[in-house]
Amino acid sequence: MRKLLYITFVFYGILAALPVSAQCDSTSSMCQDHLGTQYISDGQSYKALLIGDEVAEFNTTFFGGSKYRIAGCSGNSDGNLKWSMYDVKGNLLYTNNDYRNTPYWDFEFVSSIDITIEAQLSSLSEGSGCAVLMIGFKR
Amino acid sequence: MRIRTDFRLFSSISFCVLATLLLAGCGGGNELESNVETTEINNADPNVLELGNTVFCIPSPVQTAILIKDVGASYDKALMNSPGNHSSYSTDFQKALNLGVYGADLGYSTIYEQPQDGLQYLKTVQGLADDIGVSSAFSPEIIKRITDNIGDQDSLLNMVGNCYQALNAFLQENDRDDVCALVLAGGWIESTYFVTSISGTFESQELINRLAEQKTTLENLIKIIEPFYNDPQFTELLDEMYDLSDDFDHVTIEYMYEEPTVDEKNKKSVINSKSKVTIAPELISSIREKIAILREQVIG
């Protein structure tokens, strides 16, 4: 009986993981399109499997005088990922939730500042999914 | 309940599940049971979670190259690592670090519109990527596309950025976060070396500020590399970075929040908050010296 439970666990685990892995590729491609060609990729790739209300967080520095585009995607359509940007004091600087979870937004930084971005699945998305975040910059 | 997760956690979980599948397919009933238990232990391993409750992002070295050109500094070929050194890197550790170094050199020569140098660095990067088994990011087709666009700086920077993105994605998906961390470290060391070297002879407050602003980036870089500290090669590199970080601890950054300005129609926000960095001249000299020594150890 114990063995049967393990087999069931593994089987459903694989069923859950494989489509998400494939989904990550298509989500990345969609996100890349939102980044467009005007913005140069920072050369890094940020992906996460999010379940329920889990939050993924990343920290970075944005340089003053630079323009950035941040694209955040999940699943195969827009609006599945909500993400918010905070400064070092926890002030909310931007949330795409105010703009129908728009998949991308452009930023101009007057000064170089350290930022935290938090991303989570929106209520529109299914219970779990691959979240992809991309950052591009231009002069 | 609100749970923080790591972007890279996904690959770890997928790897565990897939590894379980493969092992289960090869073994008998008792082995399957054993393997599943191993998976459970791995998932509970604090090291997997410690890999990052957060992700630390290192700004592209190309951004620093853009600033160097914008402040009016001249192109200096001697600042870059000679492509000829490529053949002397024998370990994956050296190759990964210098893949980052040469990537920064590629960005620098491209920003200064030096196509011949750029091509040379592109070939060097391709060679190192081949050596460490990530040739797919710099396939002959991609190299040809880049070469065909050599006169179009923005396209070129875009394609190179995408190549490094593919490279990092490949490394993360193949559980090679150590190599990924080294590529980032190499790029950071080289671009910071550009700033410290140029600021020694070329007066620019913007360059000094950019150097001081590396305080947080270095802290983030250390957090990315720290999980590999027990590897002797990483130990040496990290000890040098800790020493450098001690210097950066004396940099002060004053932050002042201001309300952002939003242009909803154009999907754009201006982040008006300001920061002011302060760095003493003797500190700049010390950082300059330490970066030069560290870079020399990396490029050999």
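Since the model is a prediction, treat every value here as computed from it, not as a measurement. (Residues numbered from 1 in each chain as written. Chains lettered and ligands numbered in written order. Predicted model: local features only at pLDDT ≥ 70, side-chain atom pairs only at ≥ 80, totals over all residues. Heavy atoms only, no water.)

### Section: the overall build of chain B
Here is the rule: Comment: elements are numbered from the N terminus, with helices defined as DSSP H or I runs of at least four residues and strands as E runs of at least two. A 1.4 Å probe rolled over the protein chains alone gives each residue an accessible area, and that area as a share of the maximum for its type sets the label: buried under 20%, exposed over 50%, partly exposed in between. Only the protein chains shown count as cover for residues, with accessible areas throughout obtained via the Shrake-Rupley method and a probe of 1.4 Å.
From N to C terminus, chain B includes 13 helices and six strands. Classification of the 300 residues of chain B by burial places 52% in the buried group. With the model as given, the accessible surface of chain B reaches about 13,400 Å², and the carbon-plus-sulfur share is 51%.

### Side note on the pattern of salt bridges
Residues and elements named next belong to chain B. Formally: In the sections that follow, a salt bridge refers to a side-chain nitrogen of Lys or Arg positioned within 4 Å of a carboxyl oxygen of Asp or Glu.
On inspection of all chains with the given rule, the structure shows 11 salt bridges over all chains. For Asp 148, the salt bridge goes to Lys 144, with nearest N and O atoms at 2.9 Å. Here the residue Asp 148 and the residue Lys 144 both occupy positions in helix H7 (residues 140-148), the gap between them amounting to four residues, near one helical turn. Residues Asp 148 and Lys 144 agree in their burial class; the two are exposed. A network of salt bridges, in which partner residues are shared, links Asp 243, Asp 247 and Lys 290.

### Focus on the confidence of the model for chain B
Low pLDDT means the predicted coordinates in that region are not meant to be read closely. Where we set the bar: As a per-residue quantity, pLDDT reports the predictor's confidence and falls between 0 and 100.
With 82% of its residues at a pLDDT of 70 or more, chain B has an overall mean of 82. Among the prediction metrics, the complex's ipTM stands at 0.86, with pTM recorded as 0.82.

### A look at the state of the cysteines
Short version of the rule: Any pair of cysteine sulfurs within 2.5 Å is marked as a disulfide.
Considering all chains together, one arrives at one disulfide over all chains under this definition. Residue pairing for A:Cys31: its cysteine sulfur links by disulfide to A:Cys73, the two sulfurs lying 2.4 Å apart. When the S-S torsion is 95°, as for the bridge of A:Cys31 with A:Cys73, the disulfide is right-handed. Of the two residues, A:Cys31 is situated in helix H1 (residues 2-35) and A:Cys73 in strand S4 (residues 67-74); the sequence distance between them amounts to 42 residues. Of the cysteine sulfurs around B:Cys163, a residue in no disulfide, the closest is that of B:Cys180, at 15 Å. Take B:Cys163: its relative accessible area is 3%, and that puts it in the buried class.

### Side note on the confidence of the model for chain A
We count it as follows: Contact definition: two residues touch when any of their heavy atoms are within 4.5 Å.
Averaged over every residue, the pLDDT of chain A is 83; the share at 70 or more is 83%. Long-range and interchain partners of residues 4-18 of chain A, a stretch whose pLDDT sits below 50, account for 14 contacts in this model, where long-range means more than four residues apart.

### Describing the environment of B:Tyr242
All names here are of chain B. What counts here: Polar contacts, as counted here, are pairs of nitrogen or oxygen atoms within 3.5 Å of one another; within protein the pair requires one atom able to donate a hydrogen and one able to accept it, and residues that are adjacent in sequence qualify only if both atoms are side-chain atoms.
With respect to the helices, strands and loops of the structure, Tyr 242 is situated in helix H12 (residues 232-248). Between the C-alpha atoms of Tyr 242 and Leu 218, which are 24 residues apart in sequence, the distance is 9.1 Å. Setting aside chain neighbours within four positions, we find Tyr 242 in contact with Ile 222, Glu 226 and Tyr 229. A polar contact is formed between the side chain of Tyr 242 and the side chain of Glu 226, at a distance of 2.8 Å.

### Points about the side chain of A:Gln44
Locating A:Gln44 in the fold gives a position in the loop between strand S1 (40-41) and strand S2 (46-51). Residue class for A:Gln44 comes out buried when judged on its relative accessible area of 5%. At a separation of 2.5 Å, a polar atom in the side chain of A:Gln44 contacts the main-chain carbonyl oxygen of B:Ile58.

### A closer look at the pairing of S4(A)
All names here are of chain A. The line we're drawing: What makes two strands pair is DSSP finding at least two bridges between them.
Burial of S4 is extensive: seven of the eight residues sit out of reach of the surface. Bridge count for S4 against strand S7 (residues 104-109) is five bridges, and the pairing is antiparallel. If you follow Ile 70 over to S7, its bridge partner there is Trp 105. Across eight bridges, the pairing between S4 and strand S9 (residues 128-138) is antiparallel. Bridge pairing links Ile 70 to Ile 135 in S9.

### A word on the environment of A:Arg139
Within the element layout of this structure, A:Arg139 appears in the segment after S9. In this structure the C-alpha to C-alpha distance between A:Arg139 and A:Thr116, which are 23 residues apart in sequence, comes to 22 Å. A:Arg139 has contacts with A:Lys67, B:Ile66, B:Asp70, B:Ile111 and B:Gln153, leaving out every residue within four places of it along the chain.

### Quick look at helix H10 (residues 205-212) of chain B
For an α-helix, the turn length of 3.6 residues means that residues three or four places apart are oriented alike. Three or more residues of H10(B) are buried, namely B:Leu207, B:Ile208, B:Arg210, B:Leu211 and B:Ala212. Looking at the buried residues of H10(B), the elements they touch are helix H4 (61-70), helix H9 (177-201), helix H11 (214-225), H12, strand S6 (274-278) and helix H13 (281-299) of chain B.

### Description of the packing of helix H5 (residues 92-111) of chain B against helix H8 (residues 153-173) of chain B
Two numbers describe a pair of packed helices, the interaxial angle and the distance between the axes. All names here are of chain B. To keep it simple, the criterion reads: Only the stretch in contact is used when fitting a helix axis, every axis being a line fitted to C-alpha atoms; angles between N-to-C directions are given from 0 to 180 degrees. Any angle that falls under 35 degrees is termed roughly parallel, while one over 145 is termed roughly antiparallel, one within 65 to 115 roughly perpendicular, and all others oblique. Left-handed describes a crossing whose near helix is turned anticlockwise from the far helix by less than a right angle; the clockwise case is right-handed. Gly falls in the polar group here, along with every residue not listed as nonpolar (Ala, Val, Leu, Ile, Met, Phe, Trp, Tyr, Cys, Pro) or charged (Asp, Glu, Lys, Arg).
Running from N to C, H5 and H8 point in directions that differ by 170°, and their axes come no closer than 10 Å. Taken together, H5 and H8 sit at an angle that is classed as roughly antiparallel. The handedness of the crossing between H5 and H8 is left-handed. Taking contact as the criterion, the partners of Leu 99, Tyr 102, Gly 103, Leu 106, Thr 110 and Ile 111 in H5 are, on H8, Gln 153, Leu 156, Leu 157, Val 160, Tyr 164 and Leu 167. Considered class by class, the residues forming the contact of H5 with H8 number nine nonpolar, three polar and no charged.

### Observations regarding the nonpolar core
Note the following rule: The set of buried Ala, Val, Leu, Ile, Met, Phe, Trp, Tyr and Cys residues whose side-chain atoms join them within 4.5 Å is what this entry labels a nonpolar core.
In terms of nonpolar packing, the biggest core is built from 112 residues, with A:Trp83 and A:Met85 touching the most fellow members. Looking at this core element by element, the count peaks at 13 residues for H9(B). Apart from the residues within four sequence positions on either side, A:Trp83 is in contact with A:Ile70, A:Gly72, A:Tyr94, A:Thr95, A:Asn96, A:Thr102, A:Trp105, A:Phe107, A:Ile117, A:Glu118, A:Ala119 and A:Leu133. A:Met30, A:Ala71, A:Cys73 and A:Met134 belong to the second largest nonpolar core, which has nine residues in total.

### Digging into the environment of B:Leu79
All names here are of chain B. Here Leu 79 lies in the loop between H4 and H5. The class for Leu 79 is buried, based on a relative accessible area of 7%. Between the C-alpha atom of Leu 79 and that of Glu 190, which follows or precedes it by 111 residues, the distance is 9.0 Å. Discounting residues that sit within four places of it in the chain, Leu 79 has contacts with Tyr 108, Glu 190, Tyr 193, Phe 194, Ser 197, Ile 198 and Arg 295.

### A closer look at H4(B)
Most of H4(B) sits out of view: seven of its 10 residues are buried. Buried within H4(B) we find B:Val62, B:Gln63, B:Thr64, B:Ala65, B:Ile66, B:Leu67 and B:Ile68. The inward-facing, buried residues of H4(B) contact S4 and S9 of chain A together with H5, H8, H9 and H10 of chain B. Count one or two residues on from H4(B) and you reach B:Gly72, which has phi positive near 100°.

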